[in-house]
Amino acid sequence: MQHEPDAYQEIRDAVRDLCAQYPDEYFRRIDEQRGYPEEFVDALTKAGWMAALIPQDYGGSGLSMAEASVIMEEINRSGGNSGACHGQMYVMNAIVRSGSEAQKRQYLPKIAAGELRIQAMGVTEPTTGSDTTKLKTQAVRKDGRWVINGQKVWISRVQHSDMMILLARTTPLADVQKKSEGLSCFLIDLKQAVGHGLTVRPILNMVNHETNELFFDHLEIPEENLLGPEGKGFKTLLDGLNAERTLIAAECIGDGYWFIDRAVKYANERVVFSRKIGQNQGVQFPIAEAYIELEAANLMRWEACRKIDAHQNAGAQANMAKHLAAKASWEAANVCLQTHGGFGFACEYDIERKFRETRLYQVAPISTNMIFSYVAEHVLGLPRSY
Ligand SMILES: Cc1cc2nc3c(=O)[nH]c(=O)nc-3n(C[C@H](O)[C@H](O)[C@H](O)COP(=O)(O)OP(=O)(O)OC[C@H]3O[C@@H](n4cnc5c(N)ncnc54)[C@H](O)[C@@H]3O)c2cc1C
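Residues numbered from 1 in each chain as written. Predicted model: local features only at pLDDT ≥ 70, side-chain atom pairs only at ≥ 80, totals over all residues.

Moving on, we come to the domain arrangement of the chain. Split by domain assignment, the chain resolves into domain 1 (9–113), domain 2 (120–231) and domain 3 (235–379). Across the contact, 25 residues belong to domain 1 and 25 residues belong to domain 3. Those elements that provide at least two residues to the side of domain 1 that touches domain 3 are helix H2 (24–33), helix H4 (65–77), helix H5 (86–90) and helix H6 (93–98). Sorting elements by how many residues they give to the side of domain 1 that touches domain 3 places H4 first, with ten residues. Taken together, the residues that form the side of domain 1 that touches domain 3 break down as eight nonpolar, ten polar and seven charged. (Domains from an automatic or database assignment. Contact = placed C-beta atoms within 7 Å. Helix = DSSP H or I, 4+ residues; strand = E, 2+ residues; numbered from the N terminus. Nonpolar A, V, L, I, M, F, W, Y, C, P; charged D, E, K, R; others polar.)

Here's what the structure looks like:
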């Protein structure tokens, strides 16, 4: 599939060159071994791509959201999986936006240099799920330290991070006026915490995605590890979520193009009943439809980037972009699998792997119904449903 060069061609070419050194076989092997693409993530970090959104004053490259999103798109478009490392690009956004000057100086240059990995964010809990403000993990101030107790689930990349951002309740729900108040964000030094109040239990799952249950039992952290104002952690977190959703939308767009490329190539090659299968409208129309939906989703992705880069509220566009892109990539995945017939199920074609990987984005980092709910309430003015 030919695409007209866009304003980001230089970034695209550079990321593509790097990704070309990590072909399908590399990611297939990592998937089979349920491993982590260490070499690939190291190469991305060394090349500076993971520091795209860190301001230049703190050692990063200070790129725009549009440029950063192109990096993620190209990784997935090359057949790779940004899920292994996308947290490094956006988790630190909470430090950029809400950290004290001392925290920014302490952490951002090290993240930019690749000396510190902060790609884990602990929000979801087993008993409260999407109902984030009801979360039960508590942080209590004691003798100049914070003492943390509670449990988290599905917390990704903990084993491949040095630090994690944690959301915990610091004022009981009963004592706050708004349920989103009384939550606070903390920086957790994972190397110090594990075995000293933090237990990590990996969760085997459908995707090769390192994700874990976390158990906090009187974990003590320094007082200065509070990130952003006490009691305003929900806002600290939300500030970074539009970036997360927009970057994941771009990853889905990358996946979608990968699926369409593969489907078109195979439909042009495979001959059954003495003609190319792509000659049948029953085969070509679903590919064309998936492509149309992908292109439309991509427009919303650029709109979300534009609003974030203009420092405007991008809540609606980031959520809608993530929804449209996750849906379009999944439809493209389904069409690609169907076009390949039985061969789509063979691991060596990589389609079943990418199929599993792209499916995640309708559930994480926010499930589709929660996006509908956001748009219904905040964009359309319909009554709050929960
Ligand atoms: C591989 C993976 C990695 C993840 N990584 C992280 C991570 O790094 N950090 C982190 O904090 N979390 C992470 N998550 C968690 C993820 O964000 C949650 O799974 C997701 O937000 C949904 O929460 P839940 O699983 O508790 O589902 P639930 O909240 O139990 O919801 C189950 C279903 O019911 C629907 N539903 C619930 N309430 C309503 C309602 N009122 N109206 C309509 N529908 C409703 C939901 O949309 C969903 O489809 C990860 C999850 C996965 C699977």
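Look at helix H7 (residues 101–113): 18 Å from first C-alpha to last across 13 residues, which is about the 18 Å you get at 1.5 Å a residue. Largest kink in H7: about 25 degrees, centred on tyrosine 107, with the proline proline 109 one to four residues after it. Those residues of H7 not exposed but buried are Tyr107, Leu108, Ile111 and Ala112. At its buried positions, H7 is contacted by H6. Within two residues after H7, glycine 114 carries a phi angle of roughly 80 degrees, on the positive side. (Expected span 1.5 Å × (residues − 1). Bend = angle between axes of the 7 residues up to and from the residue. Buried ≥ 20, exposed ≤ 12 C-beta atoms within 10 Å, placed from the backbone.)

The immediate surroundings of the ligand are formed by 22 residues, with Val123, Gly129, Ser130, Ser367 and Asn369 found nearest. When contributions to the shell around the ligand are tallied by element, the ones reaching two or more residues are strand S1 (120–122), strand S3 (145–156) and helix H13 (368–379). Per-element tally for the shell around the ligand: the top contributor is S3, with three residues. In the shell around the ligand, the residues fall into twelve nonpolar, ten polar and no charged. Split by domain, the residues of the shell around the ligand number at least three in each of domain 2 (120–231) and domain 3 (235–379). (Near = placed C-beta within 6 Å.)

Right, let's get into the packing of H4 against helix H9 (residues 233–269). Following both chains from N to C, one finds H4 and H9 inclined at 40 degrees, their axes separated by 7 Å at the closest point. Helix-helix and strand crossings are classified by hand; for H4 and H9 the assignment is right-handed. The segment H4 lies against H9, with Met65, Ala68, Ser69, Met72, Glu73, Glu74, Ile75, Asn76 and Arg77 engaging Ala243, Thr246, Leu247, Ala250, Glu251, Ile253, Gly254, Asp255, Tyr257 and Trp258. For the contact of H4 with H9, the per-class residue count stands at ten nonpolar, four polar and five charged. (Axes fitted to C-alpha atoms, helices over the stretch in contact; angles between N-to-C directions. Left-handed = near helix turned anticlockwise from the far one by under 90°.)

Here we take up the packing of H9 against helix H10 (residues 281–309). Contact geometry for H9 and H10: axes closest at 9 Å, N-to-C directions at 155 degrees. By the criterion of interaxial angle, the relationship of H9 to H10 is roughly antiparallel. With respect to the hand of their crossing, H9 and H10 are arranged in left-handed fashion. Across the interface between the two elements, Asn242, Ala243, Thr246, Ala249, Ala250, Ile253, Gly256, Tyr257, Ile260, Ala263, Val264 and Ala267 from H9 touch Val283, Gln284, Ile287, Ala290, Tyr291, Leu294, Ala297, Asn298, Arg301, Ala304, Cys305 and Ile308 from H10. Here the contact of H9 with H10 is built from residues that sort into 18 nonpolar, five polar and one charged. (Parallel < 35°, antiparallel > 145°, perpendicular 65-115°, else oblique.)

All right, on to the environment of methionine 163 then. Tracing the backbone shows methionine 163 in strand S4 (residues 163–169). When the C-alpha positions of methionine 163 and asparagine 93 are compared, they lie 14 Å apart, and in sequence the two are 70 residues distant. Not counting residues up to four positions away in its chain, the partners in contact with methionine 163 are Leu116, Ile118, Leu187, Ile188, Asp189 and Leu190.

Turning to its location among the elements, isoleucine 71 is positioned in helix H4. Separated by 146 residues in sequence, isoleucine 71 and aspartate 217 have C-alpha atoms that sit 39 Å apart. What isoleucine 71 contacts, discounting residues up to four positions off in sequence, is Ile11, Val15, Trp49 and Ala52.

Once that is clear, we can look at the UniProt feature "domain: Acyl-CoA dehydrogenase/oxidase N-terminal" (unreviewed entry) in the chain. Mapped onto the present numbering, the UniProt feature "domain: Acyl-CoA dehydrogenase/oxidase N-terminal" (unreviewed entry) falls on residues 7–115. Taken as a whole, residues 7–115 contains 62% helix and 0% strand, while its terminal C-alpha atoms sit 31 Å from one another. (UniProt positions renumbered as here; feature names shortened; annotations may be inferred.)

Now for H13. With twelve residues, H13 extends 16 Å between its outermost C-alpha atoms, agreeing within 8% with the 16 Å of an ideal straight helix rising 1.5 Å per residue. Once H13 finishes, glycine 381 follows within two positions and takes phi at roughly 75 degrees, a positive value.

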